[in-house]
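For reference, the chains in residue letters:
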Amino acid sequence: MNSNERRRLAADLRSVCMRISRRARFDNAETVAPHQFSVLAKLENTVRTPRQLADIECVSAPSMTRTVAGLVEKGLVCRTDDPDDRRQVQLSLTKEGLHVLKEGRRTRDEWMLSRIEGLSEQECEVLDQAREILGRVVAR
């Protein structure tokens, strides 16, 4: 594959991956918005500060404050004072937040399954190979 063909492949892959990601996120946004879902995922099995979440999500602190406030209002995230630094707030998932996260993953997986169910065995094998390769690409 020459340089121009690789450039075209890179552009096409980026475009397809973005469309899939957008559809999987927005077609399943009944309970929480995609940016809120992402925050719930970052709080799974760990406690974080709003600043840590803002850094991870690459958003401003005020933007994260609004996102967190919405999740707290919905009862999905709990705020607690940091026992070591009273100026800090720690965030964690509530039981309902964990349920929403797991249900969101389940519906997104179901969405993807509904898209690949009609594919042939050979096409599914190709997708399985592509999944492994794309995993390596994103890990670089």
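Here the structure is shown first, and the text comes after it.
Presented here is an overview of the structure given in this document. (Residues numbered from 1 in each chain as written. Predicted model: local features only at pLDDT ≥ 70, side-chain atom pairs only at ≥ 80, totals over all residues. Heavy atoms only, no water.)

So, the overall build of the protein
Consideration 1: Counting its secondary structure elements, the protein contains six helices and two strands.
Consideration 2: Seen in sequence order, the protein has helices and strands lined up from the N terminus as α-α-α-α-β-β-α-α.
Consideration 3: For the protein, whose C-alpha radius of gyration is 19 Å, the value lies well above the compact-globule estimate of 14 Å for 140 residues.
Consideration 4: The dimensions of the protein, computed from C-alpha atoms along their principal axes, are 60 × 35 × 20 Å.
Consideration 5: Across the protein, contacts joining residues at least 24 apart in sequence account for 52% of those joining residues at least 6 apart.
Consideration 6: Split by element, the accessible area of the protein, about 10100 Å² in all, is 52% carbon and sulfur. (Helix = DSSP H or I, 4+ residues; strand = E, 2+ residues; numbered from the N terminus. Rg over C-alpha atoms; globule rule 2.2 N^0.38 Å. Contact = heavy atoms within 4.5 Å. Areas by Shrake-Rupley, 256 points an atom, 1.4 Å probe, with all protein chains shown as cover.)

A short note on the nonpolar core
Consideration 1: Counting residues in each nonpolar core, the largest one holds 16 residues, and the members touching the most others are Val 32, Leu 40, Leu 43, Leu 53, Leu 71 and Val 77.
Consideration 2: Only helix H2 (34-42), helix H3 (50-57), helix H4 (61-73), strand S2 (89-93) and helix H5 (95-116) provide two or more residues apiece to this core.
Consideration 3: Non-local contacts of Leu 40, meaning those with residues more than four positions away in its chain, are made with Val 32, Leu 71, Leu 76, Val 77, Leu 93, Gly 97, Val 100 and Leu 101. (Core = buried A, V, L, I, M, F, W, Y, C linked by side-chain atoms within 4.5 Å. Buried < 20%, exposed > 50% of the residue type's maximum accessible area, 1.4 Å probe, protein only.)

Comments concerning the pattern of salt bridges
Consideration 1: Per the counting criterion, the structure on display carries six salt bridges.
Consideration 2: Measuring nitrogen to oxygen at the nearest pair gives 3.0 Å for the salt bridge that ties Lys 42 to Glu 57. With Lys 42 in helix H2 and Glu 57 in helix H3, this pair connects stretches of sequence that are 15 residues apart.
Consideration 3: Arg 106 serves as the salt-bridge partner of Glu 103, at 2.5 Å between the closest nitrogen and oxygen. With Glu 103 and Arg 106 both in helix H5 and three residues apart, this pair spans about one turn of that helix. (Salt bridge = Lys/Arg side-chain N within 4 Å of Asp/Glu carboxyl O.)

Description of the layout of surface pockets
Over the atoms, a rolled probe matching the size of one water molecule traces out where space is still vacant.
Consideration 1: A volume near 660 Å³ is recorded for the largest pocket.
Consideration 2: Lining the largest pocket are 19 residues, and of these Cys 17, Ile 20, Ser 21, Met 112 and Leu 134 sit closest to its centre.
Consideration 3: Those elements giving two or more residues to the lining of the largest pocket turn out to be helix H1 (3-26), H5 and helix H6 (121-139).
Consideration 4: Across the lining of the largest pocket, the residue classes break down as twelve nonpolar, one polar and six charged. (1 Å grid on protein atoms, 1.4 Å probe; cavity = no way out; pocket = protein on both sides within 12 Å on 5 of 7 lines; lining within 4 Å. Points joined across faces, edges and corners; volume = space filled by probe spheres on them. Nonpolar A, V, L, I, M, F, W, Y, C, P; charged D, E, K, R; others polar.)

Describing the packing of H3 against H4
Consideration 1: At their nearest, the axes of H3 and H4 sit 9 Å apart, and the two run at 110° to each other. As judged from the angle between their axes, H3 and H4 are roughly perpendicular. As for how H3 packs across H4, the hand of that crossing is right-handed. Residue-level contacts link Pro 50, Arg 51, Leu 53, Ala 54 and Glu 57 of H3 to Ala 61, Met 64 and Val 68 of H4. (Axes fitted to C-alpha atoms, helices over the stretch in contact; angles between N-to-C directions. Parallel < 35°, antiparallel > 145°, perpendicular 65-115°, else oblique. Left-handed = near helix turned anticlockwise from the far one by under 90°.)

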